Each structure stands twice: as C-alpha cells, then as structure tokens.
Amino acid sequence: MNFARRLMAVTVAVLIVTVLVLVVAAELWIRSDLEQELRGNLERQASLLREALPRDPLAWGQFATRFGAAGGIRITLMDRNGRVRADTDVPAAELNQVENHAARPEMAAALAGRTGQAKRPSSTIGRDLMYVAIPGGPAVGGPGVIRVALPLDQVDAVVWRRQRSVLVAALLALALGVLLASVAGRSIARPLTETALAARAIAAGTTPHFPHSGIPDVDALVGALRGMHEELEARFDALRRKQAETEMLVNAMVEGVISSDARGRVLTANPAARRLLGYSADRPLPELQVLFHQKAAREVVNATLQGETIPDREILLDDRTCLVSARPLPEGGAVLVLHDLTDLRRLEVIRRDFVANVSHELKTPLTSISGYAETLLSEGVGSETSKRFLETILANAHRMQQLVDDQLDLSRIESGTWRPAPRWIQAEPALGDVWNELDLPARGAHRFSSEIAPGAEKIFVDPDALRQVLVNLYDNARRYTPAGGRVTVSAKPEAGGVRISVRDTGTGIGGDHLFRIFERFYRADPSRSRAEGGTGLGLAIVKHLVESHGGRVWAESTLGQGTTIHCWLPTPQPA
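Overview of the structure. (Residues numbered from 1 in each chain as written. Predicted model: local features only at pLDDT ≥ 70, side-chain atom pairs only at ≥ 80, totals over all residues. Heavy atoms only, no water.)

1. Looking at the overall build of the protein chain
- Check the secondary structure of the protein chain and you find 16 helices and 17 strands.
- Scored against the burial criterion, the 575 residues of the protein chain give a buried share of 37%.
- Counting every atom, the protein chain has about 32800 Å² of accessible surface; 56% of that belongs to carbon and sulfur. (Helix = DSSP H or I, 4+ residues; strand = E, 2+ residues; numbered from the N terminus. Buried < 20%, exposed > 50% of the residue type's maximum accessible area, 1.4 Å probe, protein only. Areas by Shrake-Rupley, 256 points an atom, 1.4 Å probe, with all protein chains shown as cover.)

Written out as structure tokens, the structure is:
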C-alpha cells in the first residue's frame, strides 16, 4: 500500500472512530438532557397535583384517573405506611393486591421528606418509566407520597430523531473528510513520490528532479536529499578523477598489470599486459586459470588466488621471458604484475656473444703476432723470412686496429654522440670515388660499374657517413665475389628519397642467415669471413649510419648468384 492510500485509510479510520464517538456521546448527552428536563416537568406536575389533591381519600382514585388521563402520566398515591391508595394504572378493586412501595427508592426518599427520583421498568405495566416522588403534604390524613411517572418511549423517540440527524451530519462529515483526506494524501504523497523517484535517479546515476511541495517538513527532506546528491556528485567526481588518473598510470606502465576477482575473472588488464599475452584491446580475456598456458604461470595464479604472495618469479610466456609478482587482494582475487625481461635477456646474450666474438676476433691476430714475434726472437731467420714475418705481424696489427676502430665508430653512433650533417652532393663522383680509393689489389680483380637514374643525380646525405657506408659495402662485395666478378652500384629515386644499391655476383647468402647479417659479428660463413680478414661489424655500421639519416637498409640474396644491399635515404621536401 502506497503512502497516499495508507494516509487516506488512516484518516478514514480516524473519522469513523470520531463519528462513532460523536454519535454515542450525542445520544448520551441528548438522553441526559431530556431525562433531566422530564424529571423537572414531572416534579412540577407532582407539586401541582399535591395542591389540587382532594382531602377525601375516597376521591383519590377518581382524581388520579382523571388527572393521569388528562396529563398522559401515571399517578400513584401512597400512604405513610407504603400502601398504594390510588394508581392510574391499577383498578381500585385490585389496590389491595399491589405490593408495599415503601422500599422503592423514590418512595423512601419522599417519605424522608426529599424529592425522590428513579428510572426502571414497571412491574405493573411492563414498560420503562421515569419516576418522581414528593412528600404528600402536612394535611392530616393526606397521602404520604405523591408519585408521578411517565414512560420513556417519548424520550427514546426524540433521542432517535436527534441521533439520526447527528448520524446523517456525521456521515456527510465522513464523506467530506474522506474527500479531503484523498486530496491531502495525494498532495502530500506527490512530493514524497517524486522525492523517492529522485532518490532512485541518484542511485541509478541519472539526473534527479527535486520537487517543491510547500510543506516545510517535506521541503526539508528534499533539501537534505539535494544536499546529499551534491555531496555525492562531488565525491563521485573526485573518485572518477582519481580512477582516471590511476587508470592512466596503469595504462602508461611498461609492466603488464592484471587484476581479477576471487573466481579468477579478469577485471583489469592494461595494454602492456595484453601485448605480452597477445590479446587485442577489444578481445575479452578468459579467467586467470586458463589465461596462462605455461605450468609455472598457472602455479603462480593458483597460489595467489589461495592467498599466497609471490614476490618475484621468472616465467616463460611463449617466446618471452617475464618476471611476475603476484599479490592477493583483501576481499579475494589477485593482482599480477608482469615485467618483460626479453630485451634484457637478449642484451645479456648479445653481451656474452659480443665478448665471445671479440675474443675470437682478437685471438687469431694475437696468436699470429705472438707466434711470429716469438719465432723472430728465438730463432735465427733470414732477412727474407723476417720481412715476411714482420709483414704478417703488421697486417694482424692493422686488423686489430680496424676491429677497434669499427667498434668505436659503432659505439659512437649508437650512443648518440654522433649526429649526421647531411647536405646535397653529386651522386656519380661520390659513388665512384670510394671504389677508386680501395687498394688496387682489392679492386683490380673485379669489374665495377655505376648506374645513376634520372632524378637521383644529387643525394642529401652526410658525405663522410656515405663514404663509410660505401667502403663497408664495397669491401664486402669484393671479398665475397670471385675474381672476374662484377660489383655494381646504382642510385634511383624512390618514395620521397633515393635508394642506393650495391650488387655483386658473389657467393650469395642463404635465406636463414639473410635477416641476421646486420647484427654485430654475425657471419653466414664464419671460417671464410675470418680468413678474408673482415671484422664482422661492417653491415652493423652501415645499418646504424643509414638509420641515423632517417632511412632504412635491407638485403636481397640468392645462393650462388650474388647479394644486393639496398640503402634508402630520405630527401627533404620543400617547405
């Protein structure tokens, strides 16, 4: 039952109780007033009868009958002994059979000299009567008591008529009260209902409408609700800002962050975690227990969901190495932080490989230098042999010097301390002069040609960097190309820049090695490369020099048919 109906029901119940109380009280008041008035009239009539009563007792019967019929009342005359001497409702012949009335309350009061009153059913006529008795007077031989009585039927009739009028008025008042209660209930319930709707809107997060009723108490409630809404909005705004900041921080983290509830359902996963797990932003994540396929990762998840804290544990996620830290949440669930160690482990491998490769690269020339130097010191050799030994020592020293220089150049480029200073240069002389600067024995066994396409006559590049790139590419081309082979350099415009390509007709590179040739010290054929005297850093230097210009480098090769190295350099666009 809503408030309006309950208010109307309570109001109707109150009105009904009020009407019932009013009807009953009106009956009592009216009956009391009528009976009081009736007693006064009967007392006055009794006094008149006492004055008019004949002195002859034999005439009392006729007197009572005549006056009783005239006044419509019952008259009873009793002597001082309580014996009834005359009664309008009792024939004279039957008076001797009427019981003694001295004990009747009104008679006893009259015998005592007071006016007696009583209301009771009459045993003689069987009706309710109002009795009033007064002393009969001082006359000798007169009656002791004069009692008059009147039936209460007239009082009941008057009471009923007046009570009926009161009841009709009460019913009209009840109907009017119900109508007013209905109107008042609706007027009071409407703002309360609208206030309830406003509270539901606040709970749902929508814009509430606050009513104005004009009722101070209801308006105070609405004002308190409005203040609560404003306070909640301010706190929600602060929470939303804090949540947005937290979400931005979590999303900006390089570590992967995953949170779940007690059942393992993923609640939060930042972009770094999705990248590590291979899930796109719009792809839903399964539960933690099935999200990880590796046994070690599942053990971490199960232990954390059971309340155990895992500080740091290294696990494998497919081809990536991760350090996972997991912590249970107070109300169930877990938070996992994944730190990708793949690049760090790769750097460690590169460092170990670098140390190993440098050791291998330095071991051969150092062994040669040491061996020849010991021979020169310990044995007597001829001048021709000494010269050959010294030439070998010098060549290996140059090789070591070249290795150190290349390593220093590569470190300088990678560290960012070197910056290219590009400018426009003529392509044809720049590409040909570098080949001509090579030692004659190094270039004399190969044929060289250059091809400059229209639009590539000028190149925007750092001249020193271009020279170092070409030296390394030409040197590789002539070392892996048999005598009589061809080395061709070309330049042509391409996609907003110039592509420089060095092509040879040498041994070529297998496809399983091609994508790694730009790594430091990587060799497709290590034994032959060391025999040729290369340092293993030339293509790595080429790659970093080209990329420092904003360009890119790649290779194409077929075993037995030669290799082509492409270097694309961007051309600045006019403003």
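2. Considering the environment of Ala69
- Inspection of the secondary structure puts Ala69 in helix H2 (residues 60-71).
- Between the alpha carbons of Ala69 and Thr88 there is a distance of 8.0 Å; along the sequence they are 19 residues apart.

3. A look at helix H4 (residues 153-204)
- For H4, built from 52 residues, the straight-helix expectation of 76 Å at 1.5 Å per residue is met to within 8% by its first-to-last C-alpha distance of 71 Å.
- If you look at H4, its biggest bend is around 25°, right at Ala189, and the proline Pro191 turns up within four residues after that.
- Directly beyond the C-terminal end of H4, a positive phi value near 85° is found at Gly205. (Expected span 1.5 Å × (residues − 1). Bend = angle between axes of the 7 residues up to and from the residue.)

4. A word on the packing of aromatic side chains
- Here the structure, examined in full by the defined rule, presents 5 aromatic pairs.
- An angle of 10° between the planes, with centres 4.7 Å apart, marks the rings of Trp435 and Phe448 as stacked. Linking Trp435 in helix H11 (residues 427-437) with Phe448 in strand S12 (residues 447-452), this pair joins segments that are 13 residues apart in sequence.
- Ring geometry for Phe448 against Tyr474: centres 5.5 Å apart, planes inclined by 80°, an arrangement best described as edge-to-face. Pair noted here: Phe448 is in strand S12 and Tyr474 is in helix H13 (residues 463-479), with a separation of 26 residues, a long-range link.
- Take Phe448: its relative accessible area is 23%, and that puts it in the partly exposed class.
- In this structure Tyr474 comes out as buried when scored by relative accessible area, which is 0%.
- Just above the ring of Tyr131 sits the side chain of Arg120; from NZ or CZ to the centre is 4.4 Å. (Phe/Tyr/Trp six-rings, centres within 6.5 Å; stacked < 30°, edge-to-face > 60°. Lys NZ or Arg CZ within 6 Å of the ring centre and 35° of its normal.)

5. With respect to a nonpolar patch on the surface
- Nonpolar side chains collect at one region of the surface, where Leu176, Leu179, Leu180 and Val183 lie side by side and expose about 390 Å² of accessible area between them.
- With respect to the secondary-structure elements, Leu176 resides in helix H4. (Patch = residues over 30% accessible without salt bridge, like charges linked within 9 Å, V, L, I, M, F, W, Y side chains within 5 Å. Salt bridge = Lys/Arg side-chain N within 4 Å of Asp/Glu carboxyl O.)

6. Things to note about the sheet that holds strand S1 (residues 74-78)
- Within the open sheet, the 5 strands sit side by side as S2-S1-S5-S4-S3. Their pairing is antiparallel. For this open sheet the edge positions go to strand S2 (84-87) and strand S3 (116-121), each flanked by a neighbour on one side alone. Neighbour to neighbour, the strand axes of the sheet diverge by 20° on average, direction disregarded. (Pairing = 2+ DSSP bridges. Axes fitted to C-alpha atoms, helices over the stretch in contact; angles between N-to-C directions.)

7. Some details on the sheet that holds strand S15 (residues 497-504)
- Read from one edge to the other, the open sheet built from 5 strands follows the order S12-S14-S15-S17-S16, with strand pairing classed as mixed. Each edge of the open sheet is held by one strand with a lone partner, namely S12 and strand S16 (552-558). Across the sheet, the mean angle separating the axes of adjacent strands is 15° when strand polarity is ignored.
- Two strands pair when backbone bridges link them, and S15 and strand S17 (residues 562-570) are joined in this way by 7 bridges, in the antiparallel orientation. Directly across from Ser501, in S17, lies its bridge partner His566.

8. A few points about the pattern of salt bridges
- If you walk through the whole model with that rule in mind, you get 17 salt bridges.
- Glu233 is paired through a salt bridge with Arg240; the nearest N and O atoms lie 3.9 Å apart.
- Judged by relative accessible area, Arg240 falls into the partly exposed class, the value being 44%.
- Across the salt bridge formed by Asp261 and Arg265, the nearest N and O atoms sit 2.8 Å from each other.
- Overall, Asp261 belongs to the buried group, its relative accessible area being 14%.
- Given a relative accessible area of 40%, Arg265 falls into the partly exposed group.
- Within this structure, Arg74, Asp87 and Asp89 form a network of salt bridges that share partners.

Nothing here speaks to function; it is geometry throughout.
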